[in-house]
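Here's the letter readout for the chains.
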Amino acid sequence: MSKVNIERKRAILDSAKGQFFTVEFVKKDGTTRIMTAKKWMEKAFTYGSANAQANTVAGKPEYYTAADASAGEFRNINLETLVRAKVAGIDYKFD
């Protein structure tokens, strides 16, 4: 795929509709990370969870918050550094 904007990348990840997807992105330290995740659900933080925390990047459009399947924690994916996504069996590659 050629240059894809942040909104299109977000729409691709949202198309998983609650199912797991795999992403590959570059972290702040320059290393590449591959993660199997599921879309973040706000109610997981707001309905009396003892460990409830505010999402610190909620207002930043370049971040996508998802639940990391292997760690059982929520992670923020920088859509600007997203290299690859596999959603519903379709593999997307970004420049």
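Everything numeric here is computed off the predicted structure, so don't read it as measured data.

Moving on: the overall build of the protein chain. Regarding its fold elements, the protein chain presents two helices and six strands. Taken from N to C terminus, the helices and strands of the protein chain fall in the order α-β-β-α-β-β-β-β. Taken across its 95 residues, the protein chain has 27% of its residues classed as buried. As presented, the protein chain carries roughly 6,200 Å² of accessible surface, and 49% of it is formed by carbon and sulfur atoms.

Moving on, we come to the environment of Val 57. By secondary structure assignment, the location of Val 57 is in the loop between α2 (43–46) and β3 (63–68). Using a relative accessible area of 12% as the deciding quantity, one classes Val 57 as buried. Separated by 19 residues in sequence, Val 57 and Asn 76 have C-alpha atoms that sit 7.8 Å apart. Among residues more than four places away in sequence, those in contact with Val 57 are Tyr 63, Thr 65 and Asn 76.

In this section: unusual backbone geometry. Generally, phi is negative for residues other than glycine and the peptide bonds are trans, each holding for most cases. Notably, Lys 17 is not glycine yet its phi reads approximately 50 degrees, a positive angle. The residue Lys 17 is located in the loop between α1 (6–14) and β1 (21–26) in this model. Judged by its relative accessible area of 71%, Lys 17 is exposed. Although it is not a glycine, Ala 88 sits at a positive phi angle of roughly 50 degrees.

On average, residues of the protein chain score 86 in pLDDT, and 83% of them are at 70 or above. Averaged pLDDT values over the elements of the protein chain bottom out at 49 in α2 and peak at 97 in strand β5 (residues 82–87).

Our focus in this paragraph is the layout of surface pockets. The space that makes up the largest pocket amounts to roughly 270 Å³. Lining the largest pocket are Phe 25, Val 26, Lys 27, Lys 28, Arg 33, Tyr 63, Arg 75, Asn 76, Asn 78 and Thr 81. Listing elements by their share of the lining of the largest pocket, those giving two or more residues are β1 and β4 (73–78). With three residues, the single largest contributor to the lining of the largest pocket is β4. Class assignment of the residues belonging to the lining of the largest pocket gives a composition of three nonpolar, three polar and four charged.

How each quantity is defined
- Residues numbered from 1 in each chain as written.
- Predicted model: local features only at pLDDT ≥ 70, side-chain atom pairs only at ≥ 80, totals over all residues.
- Heavy atoms only, no water.
- Helix = DSSP H or I, 4+ residues; strand = E, 2+ residues; numbered from the N terminus.
- Buried < 20%, exposed > 50% of the residue type's maximum accessible area, 1.4 Å probe, protein only.
- Areas by Shrake-Rupley, 256 points an atom, 1.4 Å probe, with all protein chains shown as cover.
- Contact = heavy atoms within 4.5 Å.
- pLDDT = per-residue confidence, 0-100.
- 1 Å grid on protein atoms, 1.4 Å probe; cavity = no way out; pocket = protein on both sides within 12 Å on 5 of 7 lines; lining within 4 Å.
- Points joined across faces, edges and corners; volume = space filled by probe spheres on them.
- Nonpolar A, V, L, I, M, F, W, Y, C, P; charged D, E, K, R; others polar.

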